[in-house]
Protein chains: 2
Amino acid sequence: PGKKVLIVYAHQEPKSFNGSLLKIAVEELTKQGCSVTVSDLYAMQFEPRATRNDIVGHLHNSEAFNYGVETWEAYKRGALSKDLLEEQKKVQEADLLIFQFPLFWFNLPAILKGWMDRVLVQGFAYDLSKVYDGGLLQGKLSLFSFTTGGGQEMYSKEGIGGDIRYVLWPMQHGIMHFCGVKVLEPHICYAPENVSEEKRKEMLAAWSQRLKTLWKEEPIDCSPEWYFK
Amino acid sequence: PGKKVLIVYAHQEPKSFNGSLLKIAVEELTKQGCSVTVSDLYAMQFEPRATRNDIVGHLHNSEAFNYGVETWEAYKRGALSKDLLEEQKKVQEADLLIFQFPLFWFNLPAILKGWMDRVLVQGFAYDLSKVYDGGLLQGKLSLFSFTTGGGQEMYSKEGIGGDIRYVLWPMQHGIMHFCGVKVLEPHICYAPENVSEEKRKEMLAAWSQRLKTLWKEEPIDCSPEWYFK
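Computed from a predicted structure; not experimentally measured.

Draft legend 1. Main features of the UniProt feature "domain: Flavodoxin-like fold" (unreviewed entry) in chain A. Feature annotation in UniProt places "domain: Flavodoxin-like fold" (unreviewed entry) on residues 3-211 of chain A, given in this structure's numbering. Counting secondary structure, residues 3-211 of chain A comes out at 36% helix and 15% strand; the distance between its end C-alpha atoms is 13 Å.

Dropping the structure here:
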């Protein structure tokens with residue numbers, strides 16, 4: 001109770017299975033007394049492109065645009081665009097970040113990748129030697145909750161898609177761990193479009209159930225062994 | 001000579017190192033007699049968001065929007081938006097796809113991920129049982145050419161970033177191989193921003209040199225062993 005949760009949600013359709021998972025998380029966490037904020041990226045028409053528009057006013061070097069350098073400088077002088085400042089404020093306040101999305105091409109949908117690219121700038125999420133366990137977002141937790149198109153058997157070591165953990169490395173280790181955020185076990189709903197209505201209900205119930213004891217969970221050991229053992 | 005190449009390029013600044021790599025590829029491949037097309041995503045203000053706007057006219061199911069289903073149906077009846085049809089035509093005609101970009105967060109920049117999400121729809125790039133070696137884009141080659149922020153020592157099995165091949169799995173195997181496209185060795189320029197001018201020149205010369213014998217290269221064996229051995 002009293003914990004703050006930011007859910008970054010990337011699905012176009014509220015009636016989708018992802019929409020149901022979002023609704024369950026908001027309801028269950030609110031019931032626990034958490035304060036829940038949702039960034040509904042498609043509804044916000046969130047901009048995924050990293051451009052000069054993210055910097056208000058003059059550039060540090062207008063001769064050759066370098067997005068990393070310019071957003072770092074803009075962060076330091078409080079000159080990032082309003083939508084980025086708002087998202088950073090939500091991240092700053094959150095104890096837990098939940099990412100809810102359908103896996104697109106073994107990865108985050110572009111709109112959610114754009115959120116990572118634009119919100120987690122140098123100075124805010126990490127800095128020169130402040131990365132991984134020393135990252136600037138230390139003390140926070142994260143959880144990747146997603147649906148897949150393919151079935152679970154596809155995403156195994158022997159399956160053609162390979163172990164599902166292989167696709168988690170860039171997002172969990174390369175983004176969250178890089179910023180110092182601890183990572184809880186991912187929550188994966190395999191192929192909800194291809195299973196029975198009964199099975200879908202079971203999957204929704206399992207998510208609700210997991211959330212009840214979420215705060216007692218230990219983060220994973222975000223090392224290569226977890227991903228590629 | 002006579003080969004067609006599509007370069008999908010994702011950098012905001014023509015004077016960047018990525019811009020130089022693009023220029024070298026266009027020049028060298030043109031000199032060989034190849035026909036080279038460039039999709040300069042930032043200059044095109046390419047839309048990365050997968051939305052209802054990608055379908056012209058009525059929806060297959062307007063009750064609940066499902067992007068995968070709707071773009072598949074729209075593809076079949078020729079009702080995808082104009083920007084997608086143009087990109088698909090370029091892909092269809094190409095013998096080789098080169099992706100030129102800076103690695104952002106262990107991954108494709110959002111604008112390039114959006115190109116994958118929106119252009120490679122079902123019916124065009126793959127279909128029900130037409131995936132991996134049976135994918136619909138068989139006969140084509142691909143090459144991921146990118147720059148990193150971190151140095152090469154970081155991206156090793158013992159480095160904190162892990163083997164660079166770990167980040168190639170979702171893009172090479174999960175996207176290109178999935179569509180039946182063969183994958184050439186990636187071309188990686190480590191930390192061009194942090195090396196000497198001389199070293200940068202060497203890196204540009206190495207790219208130019210590689211392109212001279214590119215058509216004699218054998219694709220990699222795109223299996224888990226290549227990535228995680």
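Draft legend 2. Structural detail: the pattern of salt bridges. Under the defined criterion, the tally for this structure stands at 30 salt bridges over all chains. Residue Asp54 of chain B is joined to Arg118 of chain B by a salt bridge in which the shortest nitrogen-to-oxygen separation is 2.8 Å. Taken together, the positions of Asp54 of chain B in the loop between strand S2 (35-40) and helix H2 (67-76) and Arg118 of chain B in helix H4 (residues 110-119) put the pair 64 residues apart, joining distant regions of the chain. Taken together, the shared-partner salt bridges in this structure form one network comprising Glu28, Lys31 and Lys212 of chain A.

Draft legend 3. Up close: the confidence of the model for chain A. Here chain A shows a mean pLDDT of 97. Residues at 70 or above account for 100%. Interface confidence in the predicted complex, given as ipTM, is 0.97; pTM for the same model is 0.98.

Draft legend 4. The arrangement of the interface of chain A and chain B in detail. Across the boundary between the two partners, chain A contributes 47 residues, which contact 47 residues of chain B. Both faces considered, chain A and chain B share a buried interface measuring about 4,000 Å² in area, 63% of it formed by carbon and sulfur atoms. At the junction of chain A and chain B, the tally comes to zero salt bridges. At the junction of chain A and chain B, the tally comes to 23 residue pairs in polar contact (both at pLDDT 80 or more). Sorting the residues of the side of chain A that touches chain B by element identifies helix H4 (110-119) and helix H5 (164-176) of chain A as the ones contributing at least two each. With seven residues, H5 of chain A is the largest single contributor of residues to the side of chain A that touches chain B. Class assignment for the residues of the side of chain A that touches chain B results in 28 nonpolar, 11 polar and eight charged.

Draft legend 5. Representation of the pairing of strand S2 (residues 35-40) of chain A within the structure. All names here are of chain A. Pairing of strand S1 (residues 4-9) with S2 involves six bridges; the strand directions are parallel. By the bridge assignment, Tyr9 is partnered in S2 with Asp40. Handedness of the S1-helix H1 (residues 17-31)-S2 crossover: right-handed.

Draft legend 6. Layout of the packing of aromatic side chains. A complete count under the given rule lists 41 aromatic pairs over all chains for this structure. Residues Phe99 of chain A and Phe144 of chain A carry aromatic rings whose centres are separated by 4.9 Å and whose planes lie at 25° to one another, so their mutual orientation is stacked. Here the residue Phe99 of chain A occupies a position in strand S3 (residues 96-102), and Phe144 of chain A occupies one in strand S4 (residues 141-147), the gap between them amounting to 45 residues. The same class applies to Phe99 of chain A and to Phe144 of chain A, which are both buried. Between Tyr227 of chain B and Phe228 of chain B the ring centres are 6.0 Å apart and the planes differ by 40°, which places this aromatic pair in the tilted class. Members of the aromatic cluster, joined through ring pairs, are Tyr166, Trp169, Trp226, Tyr227 and Phe228 of chain A together with Tyr166, Trp169, Trp226, Tyr227 and Phe228 of chain B. In this structure, Arg165 of chain A packs its charged tip against the face of Trp226 of chain A, placed 3.8 Å from the ring centre. Taking the ring centre of Trp72 of chain B as reference, the NZ or CZ of Lys76 of chain B above it sits at 4.4 Å.

Calculation rules
Residues numbered from 1 in each chain as written. Chains lettered and ligands numbered in written order. Predicted model: local features only at pLDDT ≥ 70, side-chain atom pairs only at ≥ 80, totals over all residues. Heavy atoms only, no water. UniProt positions renumbered as here; feature names shortened; annotations may be inferred. Helix = DSSP H or I, 4+ residues; strand = E, 2+ residues; numbered from the N terminus. Salt bridge = Lys/Arg side-chain N within 4 Å of Asp/Glu carboxyl O. pLDDT = per-residue confidence, 0-100. Contact = heavy atoms within 4.5 Å. Buried area = accessible area lost by both parts, 1.4 Å probe. Polar contact = N/O pair within 3.5 Å; in protein donor to acceptor, adjacent residues only side chain to side chain. Nonpolar A, V, L, I, M, F, W, Y, C, P; charged D, E, K, R; others polar. Pairing = 2+ DSSP bridges. Right-handed = clockwise from strand over helix to strand, strands pointing away. Phe/Tyr/Trp six-rings, centres within 6.5 Å; stacked < 30°, edge-to-face > 60°. Buried < 20%, exposed > 50% of the residue type's maximum accessible area, 1.4 Å probe, protein only. Lys NZ or Arg CZ within 6 Å of the ring centre and 35° of its normal.

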